[in-house]
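# Fold and contact review
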Amino acid sequence: MISLSKAENNKPSAGERNVNDFCLTICSINGSGSATANNTLLRSLFRMGIPVSGKNIFPSNIKGLPTWFSIRVSKDGYLARVAHDDIIVQMNPGTFTKDIAYNVPGGVVFFADHIKVPHDRDDVIMYPMPVRDLIKQAAVPRNLQDYMENMVYVGVVAEMLGIDLNVIKQTLLSQFHYKTSVAESNFEIVQRSADWAKNNLEKRDRYYVEPMPALHEYIMTDGNTAGALGAIYGGFQFCGWYPITPASSMVESLITYAPRLRQDPESKKNNYAIVQAEDELAAIGMVVGAGWAGLRAMSSTSGPGISLMTEYMGLAYFSEVPLVLWDVQRVGPSTGLPTRTAQGDLTLNYFLGHGDTQHIVLIPSSVTECFKFGWKSFDIAEKYQTPVIVLSDLDLGMNLWMTKRFEYPDQPIDRGKILWEEDLEAFPGEWGRYLDVDGDGIPFRAVMGNSHKKAPYFSRGTGHNEFGEYSEDPEVWQSLMDRLKQKIESSREALPQPVFHNLPEAKIGLIAMGSTEPAVLEAQDLLAKAGIPTDFLRVRALPFSEQVKKFIYSHERNYVLELNRDGQLHQLLVLENCELSNQLISCAYADGLPMTANWIKDIVSEKEQQRND
Amino acid sequence: MTDIIEETNAIGLARADYQGLRSTLCPGCGHNTISAQIVRACFEMSISPERIVKFSGIGCSSKSPTYFLKRSFGFNGLHGRMPSMALGAAFADTTMKVIGVSGDGDTASIGLGQFKHLIRRNLPMVYIVENNGVYGLTKGQFSATAEQGLELKRQGVNPFLPIDIAKEALIGNASFVARSFAGDPAQVRELIKAALSHRGTAVLDIISPCVSFNNREDTLHSYQWGRQHQAPLHDIAYVPRRKTIILKEFQEGEIKEVALHDGSVVVLKKLDKEYDPQDKWQALKILEDAEKNNWLVTGLLYINPEQPSLYDFMDLVERPLNRINAEDLRPSPETLDKINQGMY
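Along each chain, numbering runs from 1 in the same order as the chain's sequence is written. Working convention: letters from A go to chains and numbers from 1 go to ligands, in the order in which they are written. This being a predicted model, a pLDDT of at least 70 is required before a residue's local features are given, and a value of 80 or more before pairs of side-chain atoms are given or counted; all residues contribute to the totals for chains, interfaces and linings.

On the side of chain B, 46 residues touch chain A, which itself brings 54 residues to the contact. Strands here mean DSSP runs of E at least two residues long; helices mean DSSP runs of H or I at least four residues long; both are numbered from the N terminus. Residue contributions to the side of chain A that touches chain B peak at 9 residues, all from helix 9 (residues 280-292) of chain A. All amino acids are sorted into three groups, where Ala, Val, Leu, Ile, Met, Phe, Trp, Tyr, Cys and Pro are nonpolar, Asp, Glu, Lys and Arg are charged, and the leftover types, Gly among them, are polar. Each residue belonging to the side of chain A that touches chain B can be placed in one class, and the counts come to 32 nonpolar, 13 polar and 9 charged. At least two bridges found by DSSP between two strands are what make those strands a pair. When strand 19 (residues 458-459) of chain A meets strand 2 (residues 73-76) of chain B, the two strands line up parallel, connected through 2 bridges. Each residue of the ladder has a partner; that of phenylalanine 458 of chain A, found in strand 2 of chain B, is glycine 74 of chain B. Contact between two residues is assigned when their C-beta atoms, built from the backbone, lie within 7 Å.

Here's what the structure looks like:
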């Protein structure tokens, strides 16, 4: 956790009753089984109609290192991370002293009473929880005791904040897939603990939850699950992959859902294949092979995997193979922060490959958009016959988000310019694999298995003419390169267009992408209150739409907000809009954690202030 | 086996229908012999060229797929990474015959990992290694299959022990391992036919001399050394599909027959020694003996026609995946409603 930031401006002052507007962080030890308890609290609040977000800050470790789960409860619907804690549930003696420093004055600490750690905060309210006694009284089998300990804080916190126990019961049932006996034995601990709190703790804090109108338009899931489901509804047929945090859970979701959703209704056999490769070099090789052969092919990886996939991605670009590659971004190479989030792979992906390459990149900002881009990316890849990279990140991919329900695709699957035997037979005039017959830079393609005598060709990276024949002719090569450029350029206005959140009388612009959207939206409100109205453009695809240039042009100053050290989005914007570069200001940082609204508010108002001084 | 060359084969195609472009490899290169035998094998087996797909990595060997079967689709992939590309593509239509051509640099160095994992998955494909112990396209560096002590013009003396591709394949649980010699085209051809009928990865490690950089008479990958030291395990003949599947020995071990998955049979006629190609330990032993005694052992080293292939674990629909209608790939709106409900 980073340094204690100022409390949000719209917070009630200390002592005032706080309803549905706080951050609760559960501090526990990795591997202690706290995930079920944490998700139960999160989902119960959601089911009460209260907007919530949950962020799991976890180490690269199976057991033993500290882990934090932050639940932000926000009646106003703000979903970004906040850098302070109103309420802490402390189960980890190892981080007690450090964690309590993040408590706001007047905040609350629920702590397991076998943890006795001295501290110097006399401005927070301490509630002990007799975790072990309660477990002992409930006669929990020894092998389950550690897990069940977590249900104690669910009960105590529920009682003290006012979370409906019936909702918790329902949530537990669905968490345990309606295995009643397991859900009931967990609920028994919750009930026992809530009863204990009712009889033994006097409420001295100011935090309450109250039900709000049901969030029927929303669901709660993570971006990786959504991306996988999107791929399934987009007709994915082949996935080659290699395990890597934080991308593995996307393919694991494919493995979970595809058998239910993608079996042939009559034969009950699969119309897809998923192969775990020996490394990312092979994963992408499989995907390029499958895409070339006419399958909707995909992979999911993170930065290190992207590095290994680079050469094949370049080959796919030059040989015009459609495929979809998800990069669920994490921090830097090797060990250290593989379980932390970042937006540091943007320029890497845009230009991935050697020689002149430029890829279409889609950047979802919400779980719902992960679903949408999950299917849309295949249509785009096959339309332009080129790889499409979908750029997600750990925060979006692995954390649970309250998000709009998934919408069924509003367009039928578009396989692009593909020719089978009868199409080739009826094809007017000459056909060549790389021959642009209608001037849009996109040739028609036939794939292996097509038995028409005109169909076969031999693919390679460089050195092919319009008929796929080997050629080292300079003119042939140059015209191929020009056509590839034309093809990608022509996608600009057909890709997902930017999303705008404009405020009246705004003179300055904010530009961002991906999972920082909730922080930027909240920051807009904070800045507006501070007298700085802003317009916000969210980039959703590379190459940029013309609308991006217009936005930059129409704002005196545009702050480009992103989670990386070097301001990569800013770099790309300057590259394409060099005549407007003095209207583009980079605001970038990377510390491994999701962006906060306060950081944006502080840096933008500071820079605006400096200008006025 | 017959030597009569017919005008057309059983599906009415001529030999020319199986040819490729003119080779740009050096005249006399062993790879050209192998290409010619691929052409002849496919012609004689009456496989429609459109039902074959070709893959290769990078190197002289990997250029050769354009020199045969011009009526087949193909893809020249990346150095050492042809197996993964072939695997992904093969899923598009599992009824097609897959031929991969690699070299000793492509397979035994940069591609060793993909080679071993291809074998482990037992993807049905013919995997030919055109093995000459040297890097040709980059002008004569040692490859990992070069023998210890080999002296090359600009490279000096190779201090390292070689990687034996056939041994690697056997240890990696390959279901079909053969070694051959480009100087023995008839054997190459019959092995290619058997490999095309095998339901699994068929590894053909073919010593294919490089006339430009590694063909000195006393070196292990040269024509002359091969001719002088070749020790075939058996005479091999491929017999197309028969009505009954046989696997038995008769004539006191004179002839051994191995039935392949598609009903064809490999007939192995005993030469001077007893050899059972279904005994993996004997295969490894003969390779050890060959190394010690300076033999170029050739023939079908090992075969297990019953080893499950990758497809056996995938439970795929009958129709080739790349011919499934777009509308059949998208689940119904009702299923998405259910998913949404489950996530509330």
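Turning our eyes to something else, we now look at the nonpolar core. For our purposes the nonpolar core covers buried Ala, Val, Leu, Ile, Met, Phe, Trp, Tyr and Cys residues that link as a set through C-beta atoms within 7 Å. In this scheme the burial state of a residue depends on its C-beta neighbours within 10 Å: 20 or more other such atoms mean buried, 12 or fewer mean exposed, and anything in between means partly exposed; the C-beta positions come from the backbone. Membership of the largest hydrophobic core comes to 268 residues, with the highest contact counts inside it found for Leu45 of chain A together with Val126, Val177 and Leu204 of chain B. With 10 residues, the single largest contributor to this core is helix 4 (residues 145-161) of chain A.

Turning our eyes to something else, we now look at the sheet that holds strand 24 (residues 557-562) of chain A. All names here are of chain A. Spatially, 20-22-21-24-25 is the arrangement adopted by the 5 strands of the open sheet, whose pairing is mixed. At either end of the open sheet lies a strand with only one pairing partner, and these are strand 20 (499-501) and strand 25 (584-588). Mean inter-strand twist for the sheet, computed between neighbouring axes without regard to direction, equals 20 degrees. Relative to strand 24, strand 21 (residues 508-513) runs parallel, the two being bridged by 4 bridges. Within strand 24, the position partnered with isoleucine 511 by the bridge is valine 560. Think of each axis as a best-fit line through the C-alpha atoms, taken over the contacting stretch in the case of a helix, with angles from 0 to 180 degrees between the N-to-C directions.

So, about the sheet that holds strand 10 (residues 238-241) of chain A. Residue and element names in this part refer to chain A. The 7 strands lie next to each other as 11-10-12-13-15-14-23, forming an open sheet whose pairing is mixed. Where the open sheet ends on each side, the last strands, each with one partner, are strand 11 (273-276) and strand 23 (541-542). Where strand 14 (residues 360-362) and strand 15 (residues 387-393) come together, 3 bridges link them in parallel fashion. Note that in strand 15 the partner of leucine 362 across the bridge is valine 390. Against the sheet, helix 9 engages strand 10, strand 11, strand 12 (297-301) and strand 13 (323-329), with an angle of about 160 degrees to strand 12. In this fold helix 12 (residues 367-384) packs onto strand 13, strand 14 and strand 15, with an angle of close to 160 degrees to the strand it touches most, strand 15.

A few words on the environment of alanine 247 of chain A. Residue and element names in this part refer to chain A. Structurally, alanine 247 can be placed in the loop between strand 10 and helix 8 (248-261). Spatially, the C-alpha atom of alanine 247 lies 34 Å from that of arginine 433, the residues being 186 residues apart in sequence. Ignoring sequence-local partners within four residues, the contact set of alanine 247 consists of Ser300, Thr301, Ser302, Trp326, Val328 and Gly397.

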